[in-house]
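Structural features, examined
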Amino acid sequence: MSIPANAAAGARRLEKVQSLADAAGLVADGCRIAIGGFAIYQRPMAFVRELVRQRRKGLTVVGVTNSIDTDMLIGAGAVRRVETSYVGFEKYGLARNFRRACERDGLDVVDYPELLSWDRFRASQENLAFWPAPGLGGTDVVRLNADIRPFTCPASGRPLHALPAAAPDVVVLHALASDVYGNVIFPPYRNLPQNLDLTLARCCDRLIVTVERIVSENFLRRHSHLVEIPSVRVSAVCVAPFGAHPTSMLGRYEDDQAHWQAYVDASQTDEGFRRYLDDYVLGLDSHAAYLDKVGGSRLASLFQVDTQK
Amino acid sequence: MTATDFTLNELLVANLARDLRDGELGFTGLATGSAAALYATAIPLVAMELARRLHAPNLTVLLAGWVHNPDLAALDELPDAEFDERLRDLPCESQLLTYPGQFSLRRGNISFGFGSGVQIDRVGNINSVCIGDHAKPKVRLVGPILLPEHFSMFGREYVMMPRHDSRTIVEKVDYVAGVGYPGGLEGRKALGLAWGGPELVITPKCFFDFDKAAGRMTVRSIHPGVDIDDLRASTGFDLGDLAAVPVTPAPTSRELSIIRAEIDPRGILIGNGPRAG
């Protein structure tokens, strides 16, 4: 048995912590990106803002239910196509940049049903090119989408449709913590948005995780039962405290209702939204500057009482 | 005994509850915005809870698609977020925290659901996606969400329409997110839809049901005090002969007392609605 050539040199394990600016370089113009979280919950917004800052173009956002993550990228001119079941703000109303881009510019939106949107990622997780779907006959979901093809189930003879796998080029999530090697800790109580994140994490080989904090290797090894995404799956880790702001981070901090409302108000017009981007994204050079701009007293007021099981 | 003084919400709740059967699993999403939340979430919740207390003790309620048999009395308000600590900490029997989870839509585990959209048409197709041409719509809405599943995988669907006018109850929807009965039941079968479909459409003016064989929405009953000419003018297609259509049956005093004293004593869910008639 030969000794690896670099053994004597004391090869060091790769640390995966990168700046948001560097990690955003892993997202190429024109690629297919899946953005973690669900609807208005736990979106990796610090990373989204960095993509805007770097003037990313031509992205296809592939998702299950999307909100401010996608709306902000659309408003910044970064999106060519959206494939999802929902773009909206739930209690905060409709997504205005998304609406304008559809109504005025004919943005390419490929509408998928909600569970099947999730199944498209399950297909990618299993390295399948399609997911078989019953129950889509007669819908405009099928009529308007040439990538969905009818077929007959070879075992039962039942009519089905083949939905293309989600096939993201890159996945980005916001999570609780990681060590420097990219072992990512999830809380013991995980709800649907966090479990969807795990499906996303397991369907793509380019995975970026932003985290609230970096923990020590010893801390990590004492809590390895919480590591749902091990280092080997992770391309880059970025430190981004309050990285989901203004969306909530389940079990840790609430959504920032005042900031959401400011976003909604600003995005009623192109001019208003440009001012918002100047104020909170383009005019700031880092996530730290963003947090300072939002303000410590505001952020401190968002913490939840920790009652997690 | 039939009551004479009740609200429109109570009328809808009592009639819906009578349609629900013991042992079923009923699905309601979490709608936001006051009218949508009332029709798509609050009224269904109270109707299911009323059925549980009267004739369906084994009916399972699914709130927001993931909370099984929630303790409604523990609510301080109707939740307006699907995933926050209020729903997380609401006492219940089981929580669906991942997908696939405790039930399978495709096995037909959901007996019935409640859904809503911006348009429903004569054959029972529903739309939540856009008004106008999809490629460049006049109005773009949120997307199909779970409606395709509601209309094909649930045993039956109760369509909750908080507004009844000729823009919402239409001849033909601009986008088919969920499929009704185009070509009737035979037409549904030919599309590969083995079961399910809309059962009733509930509006502030009437209950619609379906002539499923013919694939046509028909007026089942008209709410007390609603003028027939107004009903016709508020509907985007010809309602045909309405002479034999009954008035929506009033709640009984027993139903009302359970709603008011037991299910929603603080009026958090369906309180303060307009009086019927």
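Right above here is the structure, for reference.
Residues numbered from 1 in each chain as written. Chains lettered and ligands numbered in written order. Predicted model: local features only at pLDDT ≥ 70, side-chain atom pairs only at ≥ 80, totals over all residues. Heavy atoms only, no water.

1. Notes on the pattern of salt bridges
Applied cut-off: The term salt bridge refers to a side-chain nitrogen of Lys or Arg lying within 4 Å of a carboxyl oxygen of Asp or Glu. Runs of H or I in DSSP of at least four residues are treated as helices and runs of E of at least two as strands, each being numbered from the N terminus. Burial status follows relative accessibility: with a 1.4 Å probe on protein chains alone, a residue under 20% of its type maximum counts as buried, one over 50% as exposed, and anything between as partly exposed.
Overall, the coordinates contain 43 salt bridges over all chains when judged by the stated rule. Between Glu83(A) and Arg32(A) there is a salt bridge, with the nearest N and O atoms lying 3.0 Å from each other. Of this pair, Glu83(A) sits in strand β3 (residues 79–84) while Arg32(A) sits in strand β1 (residues 32–35), and the two are 51 residues apart along the sequence. Measuring nitrogen to oxygen at the nearest pair gives 3.6 Å for the salt bridge that ties Asp211(B) to Arg216(B). The class of Arg216(B) is partly exposed, set by a relative accessible area of 37%. Beyond isolated ion pairs, a larger network of salt bridges with shared partners links Arg32(A), Arg81(A), Glu83(A), Asp108(A), Arg120(A) and Asp147(A).

2. Notes on the packing of aromatic side chains
Note the threshold: For Phe, Tyr and Trp, where Trp contributes only its six-membered ring, two rings pair if their centres lie within 6.5 Å, and the inter-plane angle classes them as stacked under 30 degrees, edge-to-face over 60, or tilted in between. A ring is considered to have a charge above it if a Lys NZ or an Arg CZ atom is located within 6 Å of its centre and within 35 degrees of its normal.
One pass over the structure, following the stated rule, counts 21 aromatic pairs over all chains. Here Phe242(A) and Tyr253(A) contribute two aromatic rings whose centre-to-centre distance is 4.4 Å and whose plane-to-plane angle is 35°, an arrangement assigned as tilted. Of this pair, Phe242(A) sits in the loop between β12 (236–239) and α9 (257–266) while Tyr253(A) sits in the loop between β12 and α9, and the two are eleven residues apart along the sequence. Like Tyr253(A), Phe242(A) is buried. Between Phe27(B) and Phe154(B), the ring centres sit 5.1 Å apart and the planes meet at 50°, which makes this aromatic pair tilted. A residue pair is termed long-range when its members are at least 10 positions apart, and Phe27(B) in strand β1 (residues 25–28) and Phe154(B) in the loop between α4 (147–150) and β10 (156–160) qualify at 127 residues. No difference in accessibility class separates Phe27(B) from Phe154(B), as the two residues are buried. An aromatic cluster of three or more residues is present, and its members are Phe89(A), Tyr92(A), Trp260(A), Tyr263(A), Phe273(A), Tyr276(A), Tyr280(A) and Tyr290(A). Directly above the aromatic system of Tyr112(A) lies the positively charged group of Arg120(A), at a separation of 3.9 Å from the ring centroid. The residue whose ring lies beneath Lys293(A) is Tyr280(A), and the NZ or CZ to ring-centre distance is 5.6 Å.

3. Overview of the side chain of Asn127(B)
Residues and elements named next belong to chain B. The condition that has to hold: Under the rule applied, a polar contact is a pair of N or O atoms within 3.5 Å (in protein, one hydrogen donor and one hydrogen acceptor; residues adjacent in sequence only if both atoms are side-chain atoms). Contact between two residues is taken to exist if any of their heavy atoms lie within 4.5 Å; hydrogens are not considered.
On the secondary structure map, Asn127 appears in strand β7 (residues 126–127). What makes Asn127 buried here is its relative accessible area of 0%. A polar side-chain atom of Asn127 sits 2.8 Å from the main-chain carbonyl oxygen of Cys130. Not counting the four nearest positions on each side in its chain, Asn127 is found in contact with Gly117, Val118, Gln119, Val173, Asp174, Tyr175 and Ala177.

4. Examining the interface of chain A and chain B
It is common to report an interface's size as the accessible area lost on association of the parts. Threshold: In this description, buried area is defined as the sum, over both parts, of the accessible area (probe of 1.4 Å) that is lost when the two are combined. Under the convention adopted here, Pro, Cys and the residues Ala, Val, Leu, Ile, Met, Phe, Trp and Tyr are nonpolar, Asp, Glu, Lys and Arg are charged, and Gly plus all remaining residues are polar.
Between chain A and chain B, the contact holds 50 residues from the first and 43 residues from the second. Carbon and sulfur atoms supply 57% of the area buried between chain A and chain B, which totals about 4,000 Å² over both sides. Counting across the interface, chain A meets chain B through two salt bridges. Asp111(A) serves as the salt-bridge partner of Arg140(B), at 2.7 Å between the closest nitrogen and oxygen. On the surface where chain A and chain B come into contact, there are 20 residue pairs in polar contact (both at pLDDT 80 or more). For the side of chain A that touches chain B, a count of residues per class yields 23 nonpolar, 13 polar and 14 charged.

5. Side note on the environment of Arg233(A)
Residue and element names in this part refer to chain A. Assignment of secondary structure puts Arg233 in the loop between β11 (227–229) and β12. Between the C-alpha atoms of Arg233 and Asp205, which are 28 residues apart in sequence, the distance is 6.9 Å. Apart from the residues within four sequence positions on either side, Arg233 is in contact with Ala201, Arg202, Cys204, Asp205 and Leu207. Polar side-chain contacts of Arg233 include one of 3.4 Å to the side chain of Asp205.

6. Quick notes on the nonpolar core
Our working rule: By convention a nonpolar core is built from buried Ala, Val, Leu, Ile, Met, Phe, Trp, Tyr and Cys residues, the set being connected through side-chain atoms within 4.5 Å.
Met72(A) and Leu73(A) are the most contacted members of the largest nonpolar core, which totals 148 residues. Looking at which element gives the most residues to this core, the answer is helix α2 (residues 34–54) of chain B, with eleven residues. Not counting residues up to four positions away in its chain, the partners in contact with Leu73(A) are Ile35(A), Val48(A), Leu51(A), Val52(A), Leu59(A), Val61(A), Ala78(A) and Val79(A). Grouped together as the second largest cluster of nonpolar side chains are 36 residues, Leu136(A), Val142(A), Ile169(B) and Leu239(B) included.

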